Amino acid sequence: MKRIIPSLVLLFGLISPVVLASGPGPERILHLLSYVGVDYPMTVADGQIVDQGEYVEQVEFAEAVEAILQTLPATEQTPQLLVDTRTLQQLIEEKRPGGEIKAMTAALSEAVTRAYDIKLAPRGTPVPASVSTLYQQMCAACHGATGLGDGVAGAGMEPAPANFHDSERMNELTLFGLYNTITLGVEGTGMASYANLSEAQRWSLAAFVAGYVTKAPAQKVKSPFSLDELATLTPVQVEARGQDQARFVQLRAHPDSIDSDKPTPLAYAKQTLTESWLAVENGQLDKAYQLSIGAYLEGFELVEASLDNLDKALRKEIEAAMFAYRDGLRDGLAESDLAQRYQRAQAGLEKAQILLSEGGLSPLLSFVASLIILLREGLEAILVLAAIYAFLSRSGATGSMKYVHSGWMAALVCGVATWAVANYLFDISGASRELTEGMTALLATAILLWVGVWMHSKAHASNWQQYIKEKLSASLSSGQNIGFAVLAFVAVYREIFEIILFYQALWLQAGTEGQQAVLFGMLAATVLLVVLSIVIFKLAMRVPVGMFFKVNAAIMFALAVIFAGRGIAALQETGSIVSIPLNLPEATWLGIYADGVTLASQAAVIGLIVLMTLVQRKTPA
């Protein structure tokens, strides 16, 4: 049982904040290119060096870009990137006009971003007001209390600290560039790295300093710019596109003032699937595959319960189409075949969107969907907890109940915390969520098998009498207590995060007319689950001891089979395990899927149960 705790620790590693896949090397290249693009035009005029010190720095930065590129993992674009980097160095040596260098650094930055799939936008909305005190503590000494670059510690620095009121210079910088400077610092200057701050704090600081040249909106406003655009465009680029530069400057400095229109799950699924197909057309099959997974897990899956109440056949059709497209990407099908699968998936999503948008879900359907979500996701946990509590009561080990209480209460807290982290701090992807659920389900399977075999061993009267003599006046051993606590934890935690996401999606679909029905559905489901747990507990307390242990062991074994199927299915949704579709009926609430891999895994668990019980019968009591 001691091995379970490290497994749980490893499990939580799966949902820890995801580090940017690109790593610091590519980001440092963008950082250096940004400086060259902004500062070079001020060092050379008409082919003559205006500022020798600054010019030498630009040369060094351009050389550093090449040096860093050579240390990074090679990609298909690496040879061309190196050629372009050397071209940039040559142009600087020839003292070419600033506009030419700026265009070259912009093109090179875009190429590096594509080659290393760098995320240039924040994972959540920056809140500049939240870091005003942090700015005074960490930045004001050099940049000044009001951002004028007149701080006492910055006196005599070369180069001088940035003046954030210099609109001409700020208009040449992206929000990502400011974030990158805060993260990496600037070598050879007084600007240190603040990578020790959280990602959210660094993005908020970037927005905060960008706000010195503008004022916050008086109220929530609609934005013509996406968060990605606010982070990656410069005000100069926005003006060149014919858009409102002043509005852009205001919104990138105060993104928290934007009245966000978050896409519905189906809109997100369609949009992400479209992005996946664009990646296919650009030859980026790995990216297309990951986007296809996100389209299902972070979009369509969240409305499956609602769609089941309207058209279950359509839900199955869309699910099969999206999986077929994903599997085709994995298997490297011809683009013409992929196009057919993609179009079939998009057509299904379009039907679902029309069906679910026809006035939204009615109050009755909202109630039913809400009831089903909690009943479906909570039933397994209730069965596990009721069986454990009944066992502890029958054995007289009531002192051990506190461990079970601790397990399920900790699961509730951790589940809500995981949801909060995913929504407000870091981007925990749908794939990470399903991977976590799959791993917890398989961990639960292992623990349920252990508990089931142990309970089955007490079904014989002689074994039970001996057990009572040893345990009647004492709690269970520490290992057994921990085992029950962990089982209670994983039984609840594996579902709680997803339950919240499903209700989030349902709340939006129900609209103002159906949201009260959603709450009543949750309440009704809660009452039914409580009543069910009481009934199970009461029945368990009345049946004969031998029968009690046999039934309890059977429940544990049945749940182990269910959890095995659902765990494998969750891992298949992430693309971690292949699927083998079969033309068979399904009972997903029992963890039975029309898939050869899930059925084979469940058959293996059943075989293991039979083997363990046979061995146990042959073992002397």
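Owing to the predicted nature of the structure, the values given are computational and were not obtained by experimental measurement.

**Brief notes about the overall build of the chain**
Counting secondary structure elements, the chain contains 24 helices and two strands. Classification of the 621 residues of the chain by burial places 49% in the buried group. Entry remark: accessible area of the chain is about 28,800 Å², with carbon and sulfur atoms responsible for 61%.

**Things to note about helix H9 (residues 175–184)**
The element H9 is extensively covered by neighbouring structure, given that 10 of its 10 residues are classed as buried. All of the buried residues in H9 are Leu175, Phe176, Gly177, Leu178, Tyr179, Asn180, Thr181, Ile182, Thr183 and Leu184. Positive backbone phi, at 75 degrees, marks Gly185, one or two positions downstream of H9.

**So, the packing of aromatic side chains**
The tally for this structure, following the rule as stated, stands at 12 aromatic pairs. Among the aromatic residues, ring-to-ring pairing joins Tyr135, Phe164, Phe208 and Tyr212 into one connected group. Lying over the aromatic face of Phe323, Arg326 brings its terminal NZ or CZ to 4.7 Å of the ring centre.

**What to know about the packing of helix H3 (residues 52–71) against helix H4 (residues 78–93)**
In a packed pair of helices, the relevant descriptors are the angle between the two axes and the axis-to-axis distance. Between H3 and H4, the shortest axis-to-axis distance is 10 Å and the interhelical angle comes to 170 degrees. Taken together, the axes of H3 and H4 are roughly antiparallel relative to one another. Touching Tyr55, Gln58, Val59, Ala62, Glu63, Val65, Glu66, Leu69 and Gln70 of H3 are Leu81, Leu82, Thr85, Arg86, Leu88, Gln89, Ile92 and Glu93, all from H4.

**Details of H3**
The first and last C-alpha atoms of H3 sit 29 Å apart over 20 residues, in line with the 28 Å expected at 1.5 Å per residue. Near the N-terminus of H3, the side chain that reaches the backbone nitrogen of Gly53, with its oxygen 3.2 Å away, is that of Asp51.

**Here we look at a nonpolar patch on the surface**
A grouping of Phe520, Leu523, Val527, Val531, Val535 and Leu539 is seen on the molecular surface, where their side chains present a nonpolar patch of about 540 Å² in accessible area. Residue position: Leu523 is located in helix H22 (residues 478–542).

**Here we look at the side chain of His254**
Examined against the element boundaries, His254 turns out to sit in the loop between helix H13 (245–253) and helix H14 (265–281). A distance of 3.5 Å separates a polar side-chain atom of His254 from the backbone nitrogen of Ala216. Ignoring anything within four residues of it in the chain, the contact list for His254 reads Pro128, Thr214, Lys215, Ala216 and Pro217.

**Brief notes about empty space enclosed by the protein**
Per the counting criterion, the structure on display carries two cavities of 30 Å³ or more. What lines the second largest cavity is simply Arg28, His31, Leu32, Tyr35, Phe61, Gly185, Val186 and Glu187. Here the residues of the lining of the second largest cavity are counted per class, giving four nonpolar, two polar and two charged.

**Description of the pattern of salt bridges**
Considering all chains together, one arrives at 12 salt bridges under this definition. A salt bridge links Asp39 to Arg169; its shortest N-O distance comes to 2.7 Å. Residue Asp39 is found in helix H2 (residues 24–39), and its partner Arg169 is found in helix H8 (residues 167–170); the two are separated by 130 residues along the sequence. A salt bridge links Asp331 to Arg330, with the nearest nitrogen and oxygen atoms 3.1 Å apart. You can call Asp331 exposed: its relative accessible area is 51%.

**Quick look at the confidence of the model for the chain**
In this model, the chain carries an average pLDDT of 77, and 79% of its residues clear a pLDDT of 70 or more. Mean pLDDT across the elements of the chain bottoms out in helix H1 (residues 4–13) (35) and peaks in H13 (92). Predicted confidence is poor over residues 460–475, with pLDDT under 50, and the contacts of this stretch with residues over four places away or in other chains come to 24 contacts.

**Points about the packing of H4 against helix H5 (residues 98–115)**
Relative orientation of the contacting elements H4 and H5 amounts to 160 degrees, with a least axis distance of 10 Å. The angle between the axes of H4 and H5 places the two elements in the roughly antiparallel class. Viewed along their axes, H4 and H5 form a crossing whose handedness is left-handed. Where H4 abuts H5, its residues Leu81, Asp84, Thr85, Thr87, Leu88, Leu91 and Ile92 lie against Glu100, Ile101, Met104, Thr105, Leu108, Ala111, Val112 and Ala115. Classifying every residue of the contact of H4 with H5 gives 10 nonpolar, three polar and two charged.

**Details of the state of the cysteines**
Taken as a whole and assessed by the stated rule, the structure comprises zero disulfides. The thiol of Cys142 is not disulfide-bonded; the next cysteine sulfur, from Cys139, is found 8.8 Å away. Accessibility expressed as a relative area gives 19% for Cys142, which makes it buried.

**A word on the environment of Asp150**
Along the chain, the position of Asp150 falls in the loop between helix H7 (140–143) and H8. C-alpha of Asp150 to C-alpha of Ala162: the two residues are 12 residues apart in sequence and 9.0 Å apart in space. Those residues in contact with Asp150 that lie beyond four places of it in its chain are Cys142, His143 and Gly144.

**Focus: the environment of Gln353**
Looking at the element boundaries, Gln353 is found in helix H17 (residues 335–357). C-alpha separation for the pair Gln353 and Thr264, spaced 89 residues apart in sequence, amounts to 9.5 Å. Residue contacts for Gln353: discarding those within four places in its chain leaves Thr264, Leu266, Ala267 and Lys270.

**Considerations on unusual backbone geometry**
Located in the positive-phi region is Asp46, a residue other than glycine, with phi close to 55 degrees. In this structure, Lys95 is a non-glycine residue whose phi angle is positive, near 55 degrees. The topology assignment puts Lys95 in the loop between H4 and H5. A relative accessible area of 26% places Lys95 in the partly exposed class.

**Focus: the environment of Thr146**
Tracing the backbone shows Thr146 in the loop between H7 and H8. Its relative accessible area of 43% is what places Thr146 among the partly exposed residues. Residues Thr146 and His165, 19 residues apart in the sequence, show an inter-C-alpha distance of 8.9 Å. When residues no more than four places from it in sequence are discounted, the contact partners of Thr146 are His165 and Tyr212.

So, how was this worked out
Residues numbered from 1 in each chain as written. Predicted model: local features only at pLDDT ≥ 70, side-chain atom pairs only at ≥ 80, totals over all residues. Heavy atoms only, no water. Helix = DSSP H or I, 4+ residues; strand = E, 2+ residues; numbered from the N terminus. Buried < 20%, exposed > 50% of the residue type's maximum accessible area, 1.4 Å probe, protein only. Areas by Shrake-Rupley, 256 points an atom, 1.4 Å probe, with all protein chains shown as cover. Phe/Tyr/Trp six-rings, centres within 6.5 Å; stacked < 30°, edge-to-face > 60°. Lys NZ or Arg CZ within 6 Å of the ring centre and 35° of its normal. Axes fitted to C-alpha atoms, helices over the stretch in contact; angles between N-to-C directions. Parallel < 35°, antiparallel > 145°, perpendicular 65-115°, else oblique. Contact = heavy atoms within 4.5 Å. Expected span 1.5 Å × (residues − 1). Polar contact = N/O pair within 3.5 Å; in protein donor to acceptor, adjacent residues only side chain to side chain. Patch = residues over 30% accessible without salt bridge, like charges linked within 9 Å, V, L, I, M, F, W, Y side chains within 5 Å. Salt bridge = Lys/Arg side-chain N within 4 Å of Asp/Glu carboxyl O. 1 Å grid on protein atoms, 1.4 Å probe; cavity = no way out; pocket = protein on both sides within 12 Å on 5 of 7 lines; lining within 4 Å. Points joined across faces, edges and corners; volume = space filled by probe spheres on them. Nonpolar A, V, L, I, M, F, W, Y, C, P; charged D, E, K, R; others polar. pLDDT = per-residue confidence, 0-100. Left-handed = near helix turned anticlockwise from the far one by under 90°. Disulfide = S-S within 2.5 Å.

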